[in-house]
Amino acid sequence: MRLLQKIRQYQRLSLHYGSSPRQTTLAEVAEVAVCSERHARTLLRQLAENGWLRWEAQPGRGHRATLHCLRTTSELSAPLMRASLEKGDYQSALQLADGDPASLHHIITPFLGGKWLKHQPTLRIPWYRPLTSLHPALQRRRAEQHIICAVHAGLTRNEPGQPHPIGDLAHHYASLDGERRWHFYLRSGAHWHNGQPITDDDILTAMRQLLADPTRNVGLQHIASLTRVAPWCLEIELTRADALLPQRLAHPVCRLPHPRQPEIGAGPFAIARHHSHYLRLERQPWYFGHHPLLHAIEFWRTGSMLEKPAWITVGKGNTTREAVTSTSSGFAWLMVTSALPKALAAALRHQAISLNQRCFASRSDLQIRSDILPGLHVKEPPEPAACPLPAHLKLVCYHTPELRELAEKWRQHLMRHGCLLQIEWRDRDGWHQPDVLADADLLLGDYLARENAGFALGEWLIYEPAWQTALGVARWQKKKQQLMQMCDSEAHFNAQLAPLFQQIFDEGTCTPLFHYRYQINALENVQDMVLTAGGWLDFTRAWLPPPAG
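Residues numbered from 1 in each chain as written. Predicted model: local features only at pLDDT ≥ 70, side-chain atom pairs only at ≥ 80, totals over all residues. Heavy atoms only, no water.

**So, the UniProt feature "domain: Solute-binding protein family" (unreviewed entry) in the chain**
Moving on, step 1. UniProt tags residues 165-299 as "domain: Solute-binding protein family" (unreviewed entry).
Moving on, step 2. Taken end to end, residues 165-299 is 13% helix and 34% strand, and its first and last C-alpha atoms sit 28 Å apart. (UniProt positions renumbered as here; feature names shortened; annotations may be inferred. Helix = DSSP H or I, 4+ residues; strand = E, 2+ residues; numbered from the N terminus.)

As structure tokens, then:
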């Protein structure tokens, strides 16, 4: 973009010479603008014709000229930013903002929400941080997992409002031999995002890659064999009965990218562009299911990671319409390691619960309550006996604003009583690195729920590495085995899940603190806003009314 280059060169001149008339030479201007003297002469003429500066040259070789910068860089770049945003060219607008999304914040709002771009319905969503890798093996963040489920298909998938997973790349599935063998009947005629037909061998290979990946196969260790027993039919044989295998295969980590080109998927949306500050998904014309009504979804970085929104606002909103809200069945939690004395652990839990109440009881975006599932409640702990504090404790904490606030207040409280609390902050990727949690005394984290709250709670016991620190290796393995033995039938699982977790909560190994209340503020144009269990807008259902005029 030539105009962008001119603004960059003018910015260098403005920073060097300031807003007052200055004496200079053509050679010095060329050095500041990083160009030749010949081009500097042309550049000065063009900038003067645009009214950006005044250049008064003196006749004679070696005479100094007068340069006066008349405009600020923001005056010049703002209209061009708006023009770029109107066209959907977020990258050029970001370049004009010197790569700082916060600089765009004051002009970006009118371009967010549901917009018709080149006669195509587009949803633009502001986001506070870069969206990183979209490979199922590498993501445990809520936003990325939701996008992964829009880009990649699996054998099964969860549908908002549906109690059981439905077929995806497998159009049907059936159990045999008392849930010890499963047949998944695959779709024929489906295509990858690049237009290449999906073969049953592709799906078999992708499934074998999943089962061989230790970051993805944690909940699938009981699979004894995976074979193609007939064209377009996969058989999974288990070491023990599991009535919930379709639920496990609907987990985001079990989505199946192209086995040789992992950035390519088979879901309803394809990745059109993905940069650190911008992500664009486009409706996939090859998709085998119901096609979304939105043509594109764009994520625009508009702030810093310190500005994480509790509630998502897309566009200006419409105060005449109610926002779409939901309260997550997931929760922030405290775990206390089994190595601490019981009296000390009880005292620390009581402190955390009291601080949590004082910090967050009045927050409208959080909800402090004790009911996790029907029949599963967190009891109010009794007042603990006085207990001396150690000189030092270590806390490992998720790097979220709410948990940061709670951890800092806890650190100050313990310091007043002579105990130094060492805090280590971890994002979701760092949390799952080997041995990160091994020597922690206390753990603050959050559990992100998905569809089918009961099953998702059980999966959390399997996937969450903090349980190893809190329970110890032997007890954690025993709890996981107990959980898997409950899965021989759905009725058995539902009957035994609450008692299993009730024991864990009652003994104080894990203490739920608060639930997140998800909200997407009313949008100007977007219709059929349905929230998933993870608090995200279901991209496949939303649509825009025709543009005005």
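**A few points about the nonpolar core**
Moving on, step 1. Counting 99 residues, the largest nonpolar core has Trp-333, Leu-442, Trp-460, Trp-467 and Phe-501 as the members making the most contacts within it.
Moving on, step 2. Leave out the neighbours within four places in its chain, and Trp-460 touches Phe-331, Trp-333, Met-335, Tyr-447, Trp-467, Phe-501 and Cys-510.
Moving on, step 3. Val-32, Tyr-90, Ala-93 and Phe-111 belong to the second largest nonpolar core, which has 33 residues in total. (Core = buried A, V, L, I, M, F, W, Y, C linked by side-chain atoms within 4.5 Å. Buried < 20%, exposed > 50% of the residue type's maximum accessible area, 1.4 Å probe, protein only. Contact = heavy atoms within 4.5 Å.)

**Notes on helix α13 (residues 453-463)**
Moving on, step 1. The element α13 is largely enclosed, with a buried count of ten among its eleven residues.
Moving on, step 2. Inspection of α13 places Gly-454, Phe-455, Ala-456, Leu-457, Gly-458, Glu-459, Trp-460, Leu-461, Ile-462 and Tyr-463 among the buried residues, and these make up the whole buried set.

**Topic: unusual backbone geometry**
Generally, phi is negative for residues other than glycine and the peptide bonds are trans, each holding for most cases.
Moving on, step 1. A positive phi angle, near 55 degrees, is found at Val-34, a position not held by glycine.
Moving on, step 2. Topologically, Val-34 is positioned in the loop between α2 (26-33) and α3 (37-49).
Moving on, step 3. Assessed through its relative accessible area of 62%, Val-34 is described here as exposed.

**Concerning the pairing of strand β14 (residues 296-301)**
Each regular strand shows side chains that alternate between the opposite faces of the sheet.
Moving on, step 1. In terms of burial, β14 is largely enclosed, as six of its six residues are buried.
Moving on, step 2. Of the two faces of β14, the one carrying Ala-296, Glu-298 and Trp-300 and the one carrying Ile-297, Phe-299 and Arg-301 are both buried.
Moving on, step 3. Bridge count between strand β5 (residues 120-127) and β14: six bridges; the pairing is parallel. Within the sheet, the bridge partner assigned to Trp-127 lies in β14 and is Arg-301. (Pairing = 2+ DSSP bridges.)

**Digging into the pattern of salt bridges**
Moving on, step 1. Evaluation of the coordinates by the stated rule reveals 28 salt bridges.
Moving on, step 2. The closest approach of N and O atoms between Arg-141 and Asp-427, which form a salt bridge, is 3.4 Å. Here Asp-427 lies in the loop between β21 (420-426) and α12 (428-431) and Arg-141 lies in the loop between β5 and α7 (142-151), a separation of 286 residues in the sequence.
Moving on, step 3. With a shortest N-O distance of 3.1 Å, Arg-475 and Glu-507 are connected by a salt bridge. Highlighted residues: Arg-475 in helix α15 (residues 473-485) and Glu-507 in the loop between α16 (490-506) and β23 (510-520), separated in sequence by 32 residues.
Moving on, step 4. Owing to a relative accessible area of 33%, Glu-507 belongs among the partly exposed residues under this scheme. (Salt bridge = Lys/Arg side-chain N within 4 Å of Asp/Glu carboxyl O.)

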